[in-house]
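Coordinate inspection notes
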Amino acid sequence: MRFPTARCGTGLDEILRNGEVSGAKVLPPPSNLNYSFIQICTLNWTWNPPENVSSGCDLEYSSDIVIDEVPQGKREWSKSRFRVTDTFPNEEMRFKVRSECKSDNASEPSRWVETALLPKGIPGTAAVGLSCVWHNLEYMDCSWRPGENASSDTNYTLFYWFDGLQNHKKCNNYSVDRRRCIFNLSFPKVTNTYPAISILIRDDSEEIRPVCTSENPTTLVRPAPPRRLTVSKINDEIYVEWSESDTFPENCLFYEVECHNGDLDTAQIITVEHNYTTIPSVDPNSKYTFKVRAKPKPVCYSSKLFSDWSEEKSIGEKTDSTFYLVLIVTIPLIVAVSTIILLVYLKRLKILILPPIPDPREILKRMFGEQNEDSQSCAKDDSVNAYDRLIKEEEINSLILTETPEYANSERENR
């Protein structure tokens, strides 16, 4: 076997280019690897084909992406001399490509050719925690936090683009702290597939690192709460109904109905695929409360986000347990107080209810005793009165006797 010999000054790369390893021909690598921005967060990598490739080689290209020295596991094989990828402006991004002959064991793949896209700006200044929600297929709501090394006066600006827009657009509806922005995003109702949304957040200052992300909008869908919830009772059943969404295609939502019986602490969850449900065999003496929320079906969207709960609607009357509680406490209290009062005033109450029967002997005895006392007092009064009258008569007589001689003497002198 003939082995290759290296001449002075001949390096390994030159030997590989000459195809002198292990007796197998090594393909020459692609050349002139370059990149350009198609839109925000989208790069187009291009290269030229290798030279001196035999006509019997079914040439294709293998390419891969490395972010901060970590392979992303996104290797692709293609006959095209370009590849479109997302960009990562906040990290070091390397793209590499090599030539291969498909189904040809007589040749070895070429060496890797790579180029790097280095980040600009101060580390730690890029926005972090970017999160977006596509509300009711009508508008996108994105929020983020400032980087730990970003100054307080950093004004982040959000741009977005998707296939169908001629140019990227700037979001203009920001919150006061510039950490949230909302922009309209809608497609025809009959749309079955949705393009990826590219989102760029940056500041006008070159010191602030930009950040990019590409989102599948179907994973961000969140329906609006069901509206116009109505509850009605038919015989011993309760019929619950709500309005269907105006923005979602037909049969792309399912619903969760929460039924709460006022007499129970737990609620029942019912899953339905239509905008109505029936609750059979209800208790006529109980109060039932309902609320509904929606979630996209997996056959239409990849989102796992529920809507908010709808407003609550109730039917039936719940017995007021407070009233019974008050009765339970009040009645024993009243009985206890009444018992105490009865014990205190029992003797008087007994006299009022069952007066004693008088003894006739005592009545006669009391009557005759009073008459004797009256007669004695009357006799005593008469004797006293007689004595008083006697004294008064004596006084009068004495006066008469005294005045009579004087009167007689005066008459004699007049004569």
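Residues numbered from 1 in each chain as written. Predicted model: local features only at pLDDT ≥ 70, side-chain atom pairs only at ≥ 80, totals over all residues. Heavy atoms only, no water.

Structural notes on the layout of surface pockets
- When its volume is computed, the largest pocket comes out at roughly 500 Å³.
- What lines the largest pocket is a set of 23 residues, and nearest its centre among them are Pro 89, Lys 120, Leu 200, Arg 202 and Pro 210.
- Split into classes, the residues belonging to the lining of the largest pocket amount to 13 nonpolar, four polar and six charged. (1 Å grid on protein atoms, 1.4 Å probe; cavity = no way out; pocket = protein on both sides within 12 Å on 5 of 7 lines; lining within 4 Å. Points joined across faces, edges and corners; volume = space filled by probe spheres on them. Nonpolar A, V, L, I, M, F, W, Y, C, P; charged D, E, K, R; others polar.)

Here we look at the packing of aromatic side chains
- Counted by the stated rule, this structure contains 14 aromatic pairs.
- For the pair Phe 248 and Tyr 301, a centre-to-centre distance of 5.7 Å together with 85° between the ring planes defines the contact as edge-to-face. Here the residue Phe 248 occupies a position in the loop between strand S21 (237-241) and strand S22 (253-261), and Tyr 301 occupies one in the loop between strand S25 (288-296) and strand S26 (313-315), the gap between them amounting to 53 residues.
- Judged by relative accessible area, which is 2%, Phe 248 ranks as buried.
- Relative to Phe 306, the ring of Phe 254 has its centre 6.4 Å away and its plane inclined at 85°; by these criteria the two rings are edge-to-face. Of the two residues, Phe 254 sits in strand S22 while Phe 306 sits in the loop between S25 and S26, which places them 52 residues apart along the sequence. (Phe/Tyr/Trp six-rings, centres within 6.5 Å; stacked < 30°, edge-to-face > 60°. Helix = DSSP H or I, 4+ residues; strand = E, 2+ residues; numbered from the N terminus. Buried < 20%, exposed > 50% of the residue type's maximum accessible area, 1.4 Å probe, protein only.)

A short note on the sheet that holds S22
- Across the sheet, four strands lie side by side as S23-S22-S25-S26; this open sheet has antiparallel pairing. The sheet terminates laterally at strand S23 (267-272) and S26, the two strands that pair on one side only. Direction aside, the axes of adjacent strands within the sheet are offset by 25° on average.
- The sheet contact formed by S22 and S25 spans nine bridges and is antiparallel. Note that in S25 the partner of His 260 across the bridge is Thr 289. (Pairing = 2+ DSSP bridges. Axes fitted to C-alpha atoms, helices over the stretch in contact; angles between N-to-C directions.)

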